[in-house]
Amino acid sequence: MFATLALALAAAAAPLFARASEDIWSIAPCELCTWQRVPYWVAAALGLAAALLPRARRPLVLLAILAVLASGAIAGFHVGVEQGWWPSPLAGCQAPRSTGGASVDDLMRSLAAAPSKPCDAPTYLIPGVPISMAGMNLLYALGLSALAAIWMRRGVRR
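The following refers to the structure shown. (Residues numbered from 1 in each chain as written. Predicted model: local features only at pLDDT ≥ 70, side-chain atom pairs only at ≥ 80, totals over all residues. Heavy atoms only, no water.)

1. Remarks on the packing of helix α3 (residues 38-52) against helix α4 (residues 57-83)
What counts here: With axes taken as lines fitted to C-alpha atoms, and helix axes fitted only over the stretch in contact, angles between N-to-C directions fall between 0 and 180 degrees. Helix and strand assignments follow DSSP, with helices taken as H or I runs no shorter than four residues and strands as E runs no shorter than two, numbered in order from the N terminus. Working rule for angles: under 35 degrees goes down as roughly parallel, over 145 as roughly antiparallel, 65 to 115 as roughly perpendicular, anything else as oblique. A clockwise turn of the near helix away from the far one marks a right-handed crossing, whereas an anticlockwise turn of less than a right angle marks a left-handed crossing. Contacts between residues were defined by any pair of non-hydrogen atoms, one from each residue, lying within 4.5 Å.
Orientation of α3 relative to α4, taken along the N-to-C sense of each, is 165°, at an axis distance of 8 Å. In terms of their interaxial angle, α3 and α4 are classed as roughly antiparallel. Considering the relative orientation of α3 and α4, their crossing is left-handed. Between α3 and α4, the residues in contact are Pro39, Tyr40, Val42, Ala43, Leu46, Gly47, Ala49, Ala50 and Ala51 and Arg57, Leu60, Val61, Leu63, Ala64, Ala67, Val68, Ala70, Ser71 and Ile74, respectively.

So, in structure tokens, the structure goes:
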């Protein structure tokens, strides 16, 4: 039960840290950044459910691990966008484009109320360390999913 609660807490810690970084360091998230948070909340809920439902623990933990890996997959895709390996298909990650023939007033009305951060602009938390927040999330997701798999395997043997 401890391992499933630890998994739930560790999964919830990632999006909470990301949210805190917005408030503490005024880091604006891009659309891909916010997408990476959703699977962690799913994993946290599944981890809590696994702690409360011992008979369903194994499949719930497996689903939680898959949810964490889903966040890692989004983070890996985000790193590729940051590195310019491929463009992001999300409209929120693109710079606004003019369709031509529109007046300046029409163009001004089409702009978002608050500017969004482009997905291809990496955010680095640690000066001198060339790992963006998306890269850190990828490493965190891989580490957490591996640790959860080890915990689950050890729990099965007992």
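And the narrative resumes.
2. Regarding helix α1 (residues 2-25)
Along an α-helix, residues three or four positions apart point the same way, because every turn accommodates 3.6 residues. Basically, it comes down to this: Working rule for helices: expected span equals 1.5 Å times residues minus one. Note on bend: the value at a residue is the angle between axes fitted to the seven residues ending there and to the seven starting there. Think of it in three bands: with a 1.4 Å probe and only protein chains considered, a residue is buried below 20% of the maximum accessible area for its type, exposed above 50%, and partly exposed in between.
The end-to-end C-alpha distance of α1, which contains 24 residues, comes to 33 Å, matching closely the 34 Å that a straight helix rising 1.5 Å per residue would cover. The largest bend along α1 measures about 25° and falls at Ala13, with the proline Pro15 one to four residues further on. Within the span of α1, buried status applies to Thr4, Ala6, Leu7, Ala8, Ala10, Ala11, Ala12, Ala14, Pro15, Ala18, Ser21 and Glu22. Immediately downstream of α1, the backbone of Ser26 shows phi near 55°, a positive value.

3. Overview of the packing of α1 against α3
As a reminder, the rule being used: For this classification, the nonpolar set comprises Ala, Val, Leu, Ile, Met, Phe, Trp, Tyr, Cys and Pro, the charged set comprises Asp, Glu, Lys and Arg, and every other residue, Gly included, is treated as polar.
The geometry of α1 relative to α3 is characterised by a closest axis approach of 8 Å and an angle of 160° between their N-to-C directions. Considering the angle they form, α1 stands roughly antiparallel to α3. The interaxial crossing formed by α1 with α3 has left-handed handedness. Between α1 and α3, the contacting residues are Thr4, Leu5, Ala8, Ala11, Ala12, Ala14, Pro15 and Leu16 on the first element and Tyr40, Trp41, Ala43, Ala44, Gly47, Leu48, Ala50 and Ala51 on the second. Residues belonging to the contact of α1 with α3 are distributed by class as follows: 14 nonpolar, 2 polar and no charged.

4. Some thoughts on a nonpolar patch on the surface
Spelled out, the test is: Note that patches include only residues with greater than 30% relative accessible area and no salt bridge, and the join distances are 9 Å for like charges and 5 Å for nonpolar side chains (Val, Leu, Ile, Met, Phe, Trp, Tyr). Every accessible area reported is derived by Shrake-Rupley at a probe size of 1.4 Å, with residue values counting cover from the shown protein chains alone. By convention in these notes, a salt bridge is any Lys or Arg side-chain nitrogen within 4 Å of a carboxyl oxygen on Asp or Glu.
Residues Leu63, Leu66, Leu69 and Leu142 make up a contiguous nonpolar surface patch of roughly 360 Å² in combined accessible area. Broken down by element, the residue count for the nonpolar patch peaks at 3 residues, all from α4. Within the element layout of this structure, Leu69 appears in helix α4.

5. A few points about the nonpolar core
As a reminder of what qualifies: In this text, buried Ala, Val, Leu, Ile, Met, Phe, Trp, Tyr and Cys residues form a nonpolar core when linked through side-chain atoms within 4.5 Å.
Core analysis: the biggest nonpolar cluster contains 20 residues, and Leu7, Ala11, Tyr40, Ala43, Val61, Val68 and Leu144 have the highest contact counts within it. Mapped onto this core, the elements with two or more residues apiece are α1, α3, α4 and α6 (133-157). For this core, the leading source of residues is α4, giving 6 residues. Sequence-distant contacts of Ala11, defined by excluding residues within four places in its chain, comprise Tyr40, Ala43, Ala44 and Leu144. By size, the runner-up hydrophobic cluster in this structure holds 8 residues, among which are Cys30, Leu32, Ile74 and Cys93.

6. Notes on α4
Between its terminal C-alpha atoms α4 stretches 39 Å, which fits the 39 Å expected from 27 residues at 1.5 Å a residue. Positive backbone phi, approximately 80°, marks Gly84, located one or two places after α4.

7. Structural notes on the packing of aromatic side chains
Applied cut-off: Here the aromatic set is Phe, Tyr and Trp, taking the six-membered ring for Trp, and pairing holds for ring centres within 6.5 Å; pairs whose planes are under 30 degrees apart are stacked, those over 60 apart are edge-to-face, and all others are tilted.
Using the criterion set out here, one finds 4 aromatic pairs in the structure. Ring centres 5.8 Å apart and planes at 20° place the aromatic pair Phe77 and Trp86 in the stacked group. Residue classification places Phe77 among the partly exposed positions, given a relative accessible area of 29%. Three or more aromatic residues joined by ring pairs form one cluster here, namely Phe77, Trp85 and Trp86.

8. What about the environment of Thr123?
Inclusion rule: In the analysis that follows, any N or O atom pair within 3.5 Å is treated as a polar contact, provided that within protein one partner can donate a hydrogen and the other can accept it, and provided that, for residues neighboring in sequence, both atoms belong to side chains.
Relative to the helices and strands, Thr123 resides in the loop between α5 (104-110) and α6. Note: C-alpha distance between Thr123 and Pro29 (94 residues apart in sequence) is 8.8 Å. Leaving out residues up to four positions away in the same chain, Thr123 has contacts with Ile27, Glu82, Lys117, Ser132 and Met133. Here the side chain of Thr123 touches Lys117 through a polar contact of 3.4 Å, side chain to side chain.

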